[in-house]
Amino acid sequence: MMAGSTLRKVKSRSWKKQRHFRLLEDGLTIWYKSKWAGKGHSTFSVTEVEAVREGHQSEILLSTAEEFPADLCFTLVFHGRQGNLDLVAESLEEAQAWIQGVRKLIHKAETMDEQERLDQWVRDWFQKADKNKDGKMNFKEVKKLLKMMNVEMNEEHAYHLFKMADKSQSDSLEIEQFVHFYKILTQRNEVWKVFQDYSGDGEKLMLEELENFLRTEQQEEEQSTQHAKQLIESYEPSETGKQGAMSLEGFQMYLCSQDGSIFKPGLLELYQDMSQPLSHYFISSSHNTYLLEDQLRGQSSLEAYIQALKRGCRCVEVDCWDGSDGEPVVYHGHTLTSKILFKDVISTIKEYGFRASDFPIIVSLENHCGLEQQTLMAQHLTQILGDLLQTSTLDGQVPQQLPSPQELKGKILLKAKKIGGLEKCVDETLTDEVSDEEEMANGDEESPTEEPQAEKKNKVDGWVFLSFFLPSLQKSKLSRELSDLVVYCKSVHFHGFEHAHCHAKCYEMSSFSESKAKKLGKEAGTEFVQYNTRQLSRTYPSGLRTDSSNYNPQDMWNVGCQIVALNFQTAGLEMDLNDGLFKQNGGCGYILKPDFMRDGNTHFCPEKPEEPIFHTKIQSKSQLLSNNGQQLPKVNQKEGSIVDPLVRVEIYGVPQDQAKDETSHINNNGFNPVWNATLNFVIHTPELALVRFVVEDYDKASRNDFIGQFTLPFTCIQPGYRHIHLLSKDGMAIPPSSLFVNISISDYE
C-alpha cells in the first residue's frame, strides 16, 4: 500500500478512470491522484472509513458487474453522509492487499487509546509542517504550522517556544523535539488550576485528593473511592504513579476521556426497560428514506437505507409505484427522482436492518400500486424476509395493547392499510381508503395540493402557464395478500381524539403532517399525549419541503408522538436533535418516554407543563472555561485566516424551556480560546429537554460560520468539569476539538 497501486475509480457505468493510490508514511492517510493532474491530489484518513465491502456490494459496481469481476472490486464506505468510493484493482492479489490492509488500518484506528490518538495527531501536524520532508522543521515552517493550527501568536513568543524545544540548538526540530514544542504550546492553564486546587504538593493527586475532587466537583457521591482507583489505573501513564496517585498528565487524560465527557457513560449502553408497549417509546424514524438528496430531482438509492439503518433508524419509508416492467419500484412519485426496485429495498433492509440494533423495524409502506403489483410486493416481502416478517399476533389473540420492543426483537413490522381489523374479515378488496399522506394532504395547509380546485398562474417571459390539481375519482384497491401482512401497524384516517378514545384499536395508527401535528399539540396537547400512550403516531415533513429540509422534532416529542419522521439525508439542527436524543440507550433506536407520557390518564400538557403536574425546576449553570487546547477546525481555508470563536448553548424542550445564550467571541484564536463565561438556564421539564452546544466563527459583516456542535438529553449530562467533544455538521467526530466546561445542576428555589 505504501508503494502504491493504480486502481480504477468508478462513479457510474460511463465514468471509470484510473487513479494512483498510496498509503502515506503516517500509516493513516491515503493519497491519490490522476496522472494528468500535475501536482493536484486528494487525500482522506482511514479514520473516515467505516468499512470495506468486498465484491459487487454497491449499486455502481453491480451495474458494471459484466465488465469487472467481483474479486477485483471493493467499496470503501465512509462514516456519515459522505458517498462511497468504488474501486477496481488490476489483479486479485492487489485487490486483497488493499481490502485486508484498509481493514487492518480501520481496526488499528478504532482501538487507539486517548494517548495513541494524541500521538498520532502530533505526528500528523509534524508531517504537515515539514514541507521539505527532511524530517526536521525550521522556524519558518513553525510559523506556518501555527497558522494551520488556528493560533495567532506574536513572532517573538513563538520563537521563544521554538528555542526552548530546540535542545540540539540546530535551529530545527526533529519529531521528539516537536512533541516537546507541542506540550509547551498546549499547556492547559485551566486544567492546571483545577489540579492545583486539590493537589497537596502541586505535583500529583493522591487517591484521597482525587476522591475529594470527584465528590466535590464531579458530584459523584457513590463509590467515589472505587472510581478514583479505576481512573488512576486507566489514565495514569506512569507505572510508579499507578501505586495510588495521578499526575497532571494523567488528570488531563482523564478529563479528555469518555469518563470525563459531558455524556454519562452508563447511559450510552442499553439501560432502559424494553418490555413496555411500543407506544411508550420514541422511535428513530426516517422520511423518504430512499432519497440521498432532495425530493424533486434527487437520487433514490439503496445506500440511503443502509445509511439510515446503520444510524439506528427503526422506521423506514418505502414509497411504492407500479413499475413499467411489472416489478414495483420505489421513488418519489411524479418527480424526477430516480427509481429503485422494491425487492432490492426489502433485501437491503433484511441485510442491514439489525446490525446497529436488534429491536424491531417498522416498514412504513406508501402504496400507490395496482392490485397485480401489490400481490407481487406481498410475495417479495414473504419470500425475502421469511420469519423476520411479523405476520400474526404474538399469542394469536387480538391485542389490547401493543407488544414491546423486547418481544418483537429481530422482527420487521409492516405499516400499511389493512382490510378490516385483526378480527376475522370477509372482504376481498378495500375501496374506501387512500394512502396516509394523500389523506392528510386534504387538510394540510402546507401541502402543495391543499386547494385541489384552485387555479395557479405562473408567468415567465410573457407566457402564462395554468396548472390544476385534479383529485382522483378512482378509489384505490388493496390486495388481500398485502393486507394480511399488516398486524400491529394498520394505517387509518384520524377522526379526532374523542373518536379514537371510544373506537380506536391499539394496532391502528395515523400519520400527521407537521402543521397538523403542531396545531393539535397547541389546541389539545393533553389529549394528544393521552392518545399517544395507547396508539402510535407518525409525523412527516410538509409537502412544501421540496429541498428535503426538516421540521423541529421536539414539537412532536413534546406531545408523545413516537414515529417523528425526518429526512436523514439532510444535516442540520433537526438531525442534531434526533441524533442527540437517540445516542443514549445503546443507540438502539428506541427511547422510553417519561412516566408522565405513558399514563393514559395523564394531565400533562407541554404548553403548561406544571399544571397540574408539578415537576422539579432545575437550574443548570454552564461555565465555559476554554476549548480543549487542541484546535477548532478552520472554516475558511484561505491562508492566514484564523477563527474568532463563540459558543452558544441552546435548550430545546417544552415551550417554557426553549432558550439560548452565548458567549462573546474571541479574536483570532481557534487553538486555545478561553471564554470564562457563565450561562444560566432554568428548566421546568428536564425529562424532555435537549441541550445543544454550538461553536461558530463570528463574522460581523455576515452570518456566523458553523464550526462544531454537540447535542444530548439534559438527563444524560454529567455535572462537574467536563469535556464536550465536538461533531461536524454531518454529525461526525472532529478530534481533538472540544470544549472544556464546568456544569452545575441544582434544584431551583
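For the structure, check the block above.
Residues numbered from 1 in each chain as written. Predicted model: local features only at pLDDT ≥ 70, side-chain atom pairs only at ≥ 80, totals over all residues. Heavy atoms only, no water.

Draft legend 1. Region of the structure containing helix α17 (residues 514–523). Turning to α17, its buried residues are Glu 514, Ser 515, Ala 517, Leu 520 and Gly 521. For α17, the secondary structure elements touched by its buried residues are α16 (497–503), β21 (508–513), α18 (525–534), β22 (537–540) and α19 (554–557). (Buried < 20%, exposed > 50% of the residue type's maximum accessible area, 1.4 Å probe, protein only. Helix = DSSP H or I, 4+ residues; strand = E, 2+ residues; numbered from the N terminus. Contact = heavy atoms within 4.5 Å.)

Draft legend 2. Geometry of the pattern of salt bridges. All chains considered together, the criterion is met by 21 salt bridges. With a closest N to O distance of 2.7 Å, Lys 16 and Glu 67 form a salt bridge. In this pair, Lys 16 is assigned in strand β2 (residues 16–23) and Glu 67 in the loop between α1 (59–63) and β6 (73–78), connecting sequence segments 51 residues apart. For Glu 67, a relative accessible area of 46% translates into the label partly exposed. A salt bridge links Glu 650 to Arg 692, with the shortest nitrogen-to-oxygen separation between them at 3.0 Å. With Glu 650 in strand β26 (residues 645–652) and Arg 692 in strand β29 (residues 690–697), this residue pair connects regions lying 42 residues apart in the sequence. There is no split in this pair, since Glu 650 and Arg 692 are both buried. (Salt bridge = Lys/Arg side-chain N within 4 Å of Asp/Glu carboxyl O.)

Draft legend 3. Representation of the side chain of Asn 367 in the model. One can find Asn 367 in strand β16 (residues 361–367). Look at Asn 367 and you get buried, because its relative accessible area is 10%. Separated by 3.0 Å, the side chain of Asn 367 and the backbone nitrogen of Cys 369 make a polar contact. (Polar contact = N/O pair within 3.5 Å; in protein donor to acceptor, adjacent residues only side chain to side chain.)

Draft legend 4. The sheet that holds strand β1 (residues 5–10), seen in detail. Sheet architecture is open: seven strands sit in the order β4-β3-β2-β1-β7-β6-β5, paired in antiparallel fashion. Two strands bound the open sheet, and with one partner strand each, they are β4 (42–45) and β5 (49–54). Strand-to-strand twist in this sheet, taken as the mean axis angle between neighbours without regard to direction, amounts to 35°. Pairing between β5 and β6: five bridges, direction antiparallel. By the bridge assignment, Val 52 is partnered in β6 with Leu 76. Relative to the sheet, helix α2 (residues 92–110) contacts β1, β2, β3 (29–33), β5 and β6, its axis offset from that of β5 by approximately 155°. (Pairing = 2+ DSSP bridges. Axes fitted to C-alpha atoms, helices over the stretch in contact; angles between N-to-C directions.)

Draft legend 5. Inspection of a negative patch on the surface at higher detail. On the surface, Asp 113, Glu 116, Asp 119 and Glu 176 cluster together to form a negatively charged patch. Here Glu 176 is to be found in helix α6 (residues 175–185). (Patch = residues over 30% accessible without salt bridge, like charges linked within 9 Å, V, L, I, M, F, W, Y side chains within 5 Å. Areas by Shrake-Rupley, 256 points an atom, 1.4 Å probe, with all protein chains shown as cover. Lys, Arg positive; Asp, Glu negative; His and termini not counted. Charge placed at Lys NZ, Arg CZ, Asp CG, Glu CD.)

Draft legend 6. Looking closely at the packing of aromatic side chains. Inspection of the entire model under this criterion finds 28 aromatic pairs. Summarising the aromatic geometry, the rings of Phe 195 and Phe 251 are spaced 5.6 Å apart at their centres and angled 55° between planes, so their arrangement reads as tilted. With Phe 195 in helix α7 (residues 189–198) and Phe 251 in helix α10 (residues 248–256), the pair connects residues that are 56 residues apart, well separated along the chain. Residue Phe 195 is classed as buried on the basis of its relative accessible area, which comes to 1%. For the ring pair Phe 512 and Phe 528, a centre distance of 5.5 Å and an interplane angle of 65° mean the geometry is edge-to-face. Placement of Phe 512 in strand β21 and of Phe 528 in helix α18 is noted, with a sequence separation of 16 residues between them. On the accessibility criterion, Phe 528 (0% relative accessible area) is buried. Of note, Arg 22 hangs over the ring of Trp 31, and the distance from its end group to the ring centre comes to 4.7 Å. The ring of Tyr 331 is capped by Lys 339, whose NZ or CZ atom sits 4.7 Å from the centre of that ring. (Phe/Tyr/Trp six-rings, centres within 6.5 Å; stacked < 30°, edge-to-face > 60°. Lys NZ or Arg CZ within 6 Å of the ring centre and 35° of its normal.)

Draft legend 7. Looking closely at unusual backbone geometry. In the Ramachandran plot, Asp 171 falls in the positive-phi region, its phi being about 60° despite a non-glycine side chain. Following the sequence through the fold, Asp 171 ends up in the loop between α5 (155–165) and β9 (172–173). Judged by relative accessible area, Asp 171 falls into the partly exposed class, the value being 44%. Phi at Ser 548 takes a positive value of approximately 60°, unusual for a residue other than glycine. With respect to the helices, strands and loops of the structure, Ser 548 is situated in the loop between β22 and α19. The buried category is assigned to Ser 548, whose relative accessible area is 0%.

Draft legend 8. Looking closely at the nonpolar core. Val 318 and Ile 349 are the most contacted members of the largest nonpolar core, which has 68 residues in total. Leave out the neighbours within four places in its chain, and Val 318 touches Tyr 305, Val 330, Phe 342, Val 345, Ile 349, Val 363, Ser 364, Leu 365 and Glu 366. Counting residues in each nonpolar core, the second largest holds 33 residues, with Ala 677, Val 691, Ile 707 and Cys 716 among its members. (Core = buried A, V, L, I, M, F, W, Y, C linked by side-chain atoms within 4.5 Å.)

Draft legend 9. Spatial organisation of the pairing of β6. For β6, the tally of buried residues reaches six of six residues, placing the bulk of the element in the interior. Residues Cys 73, Thr 75 and Val 77 of β6 are buried on one face, and the alternating residues Phe 74, Leu 76 and Phe 78, pointing to the opposite face, are buried as well. Judged from the four bridges that link them, β6 and strand β7 (residues 85–88) form a sheet pairing that is antiparallel. Following the sheet pairing, Cys 73 is matched in β7 by Val 88. In textbook terms, the turn of a hairpin is the stretch between consecutive antiparallel strands, and for β6 and β7 this stretch comprises six residues, one of which, Gly 80, has a positive phi near 70°.

By themselves, these figures tell us nothing about what the structure is for.
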